[in-house]
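Here are the chains, one letter per residue:
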Amino acid sequence: MTIELPRIAFLGIGLMGAPMTRNLLNAGYPMTLWNRTESKCEPFADDATIAKSPAEAVADADVVITMLENGQVVDDVLVEQGAIDALKDGALVIDMSSVQPSVARRHAALAAEQGAGYLDAPVSGGTVGAAEARLSIMAGGSEEDVARALPVFEVLGKCTRIGPVGAGQLAKLANQTIVGITIGAVSEALLLAAKGGADPAAVREALMGGFAGSRILELHGQRMIDRDFAPGAPARIQLKDLRMILDEARAEGLTLPLSQQVHNEYLSLVANGHSEVDHSGLLLELEHLNGTLMGSLGRGPKT
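Residues numbered from 1 in each chain as written. Predicted model: local features only at pLDDT ≥ 70, side-chain atom pairs only at ≥ 80, totals over all residues. Heavy atoms only, no water.

Sorry if this is basic, but what is going on with the overall build of the chain here?
Secondary structure summary: the chain contains 12 helices and 9 strands in total. Taking 19 Å as the expected radius of gyration for a compact globule of 303 residues, we find that the chain reaches 21 Å, a close match to that expectation. Per-residue burial for the chain yields a buried fraction of 50% across its 303 residues. In the chain, once contacts between residues fewer than 6 apart in sequence are set aside, the share between residues at least 24 apart is 65%. For the chain, the accessible surface area stands at approximately 14,000 Å², while carbon and sulfur atoms represent 54% of it. (Helix = DSSP H or I, 4+ residues; strand = E, 2+ residues; numbered from the N terminus. Rg over C-alpha atoms; globule rule 2.2 N^0.38 Å. Buried < 20%, exposed > 50% of the residue type's maximum accessible area, 1.4 Å probe, protein only. Contact = heavy atoms within 4.5 Å. Areas by Shrake-Rupley, 256 points an atom, 1.4 Å probe, with all protein chains shown as cover.)

See below:
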């Protein structure tokens, strides 16, 4: 006896959405796809239905997943373009974008008016984690809705329920605080070592085995050494996340000086024309500030 899987509408087939869609299709889920630029759906045309609008995409969906750039875009797709109004009774909306917690709570209320459930479930892991189905999924919503979504989440990575609606987005803000500050720390550490004459590649290798070891040092440290800044997560998205972090901090009466400093550095990086580089490209702003290149240092003959 075969179990009929729920139909998923996936809105947003970008750097993250495309590999997530492929994993869901490989798992056998029937899918309807929508993207503002329709050509990004074309690689899936043989396996999924391509919708002309968000409202058309969600009309017969049991589960609706959004993976869009920011809260404004999510609001446009769900509210202004009528996706929430087109939900069928009993559907479950899962917003896996990174948006403000207040936006998540408002969308949850609108979904409830249509008889639909809602989860805010942002992710960490980047394009590599999306492709390898190793995303860390931070879910906010009821225990019942998280339980409904678990079979879908298990295809994409590992889910942790954080708390009520909005809590997933707070966890993502915490994640991006650590990511942004740590990228800054790795940039400064490797440039410092290289400027003094050490091989930054050897320094990275040594640090990986100690207390300073981290996923960011492992992956983004190598990107910095290789000067490979093709975007997995573009700098403009990291800047957007840092703005949300600072906005949320102000709303809670908090001062976060490290987040503020890293925000300012990403702001300069983007202003200097590097909005589309990977967020590990923060090294470029540090090099600009110091008038030197890490890649040209610490590469002398070995003794």
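There's plenty left to go through after this.
Would you take a moment to explain the confidence of the model for the chain for this structure?
Any region with low pLDDT has predicted coordinates that should not be read closely. Averaged over all residues, the pLDDT of the chain equals 95, while 97% of them reach at least 70. Confidence over residues 297–303 falls short of pLDDT 50; this stretch has 13 contacts with residues more than four positions distant or in other chains. (pLDDT = per-residue confidence, 0-100.)

Hey, could you run me through the pattern of salt bridges in this one?
Taken as a whole and judged by the stated rule, the model has 13 salt bridges. One salt bridge connects glutamate 38 with lysine 52, and the closest N-O pair in it is separated by 3.3 Å. Here glutamate 38, found in the loop between strand S2 (31–34) and strand S3 (49–50), pairs with lysine 52, found in the loop between S3 and helix H2 (54–58); they are 14 residues apart in sequence, far enough to count as distant. Exposure remark for lysine 52: the relative accessible area of 61% places this residue in the exposed category. (Salt bridge = Lys/Arg side-chain N within 4 Å of Asp/Glu carboxyl O.)

I tried to follow the pairing of strand S9 (residues 157–163) on my own but got confused; where do I start?
Across a regular strand the side chains alternate sides, sitting on one face of the sheet and then on the other. Pairing geometry for strand S8 (residues 135–140) and S9, over 6 bridges, is parallel. Paired with glycine 140 across the strands is glycine 163, a residue of S9. At this point the chain moves from S8, through helix H6 (residues 143–156), to the parallel S9, and the crossover so formed is right-handed. (Pairing = 2+ DSSP bridges. Right-handed = clockwise from strand over helix to strand, strands pointing away.)

Explain the pairing of S8 to me, please; I cannot follow it from the model alone.
The element S8 is extensively covered by neighbouring structure, given that 5 of its 6 residues are classed as buried. Of the pairings in the sheet, the one linking strand S7 (residues 123–124) to S8 comprises 2 bridges and is antiparallel in character. Paired with valine 123 across the two strands is isoleucine 137, which belongs to S8.

Help me out: how do you make sense of the packing of helix H7 (residues 167–195) against helix H10 (residues 235–251) in this one?
Each pair of packed helices can be described by the angle between their axes along with the distance between the axes. For the pair H7 and H10, interaxial distance at closest approach is 9 Å and the crossing angle is 120 degrees. On the basis of their axis angle, the class for H7 and H10 is oblique. When the axes of H7 and H10 are compared, the crossing they make is left-handed. Each of Leu170, Leu173, Gln176, Thr177, Val179 and Gly180 in H7 lies in contact with H10, whose residues at this interface are Gln238, Asp241, Met244, Ile245 and Glu248. (Axes fitted to C-alpha atoms, helices over the stretch in contact; angles between N-to-C directions. Parallel < 35°, antiparallel > 145°, perpendicular 65-115°, else oblique. Left-handed = near helix turned anticlockwise from the far one by under 90°.)

How should the side chain of arginine 204 be read in this particular structure?
As for its position among the elements, arginine 204 is in helix H8 (residues 200–208). There is no salt bridge for the buried arginine 204, and the closest opposite charge comes from glutamate 218, which lies 5.6 Å off by N-O distance. Looking at arginine 204, its side chain comes within polar contact range of the main-chain oxygen of glutamate 218, at 2.8 Å. Leaving out residues up to four positions away in the same chain, arginine 204 has contacts with Leu190, Leu217, Glu218, Gly221, Gln222 and Ile225. (Lys, Arg positive; Asp, Glu negative; His and termini not counted. Polar contact = N/O pair within 3.5 Å; in protein donor to acceptor, adjacent residues only side chain to side chain.)

What's the story with unusual backbone geometry in this structure? I'm lost.
Of note in this structure, alanine 133 is not a glycine but carries a positive phi near 55 degrees. Note on placement: alanine 133 falls in the loop between helix H5 (126–131) and S8. You will see that arginine 227, though not glycine, has its phi angle at about 55 degrees, which is positive. Structurally, arginine 227 is set in the loop between helix H9 (215–226) and H10.

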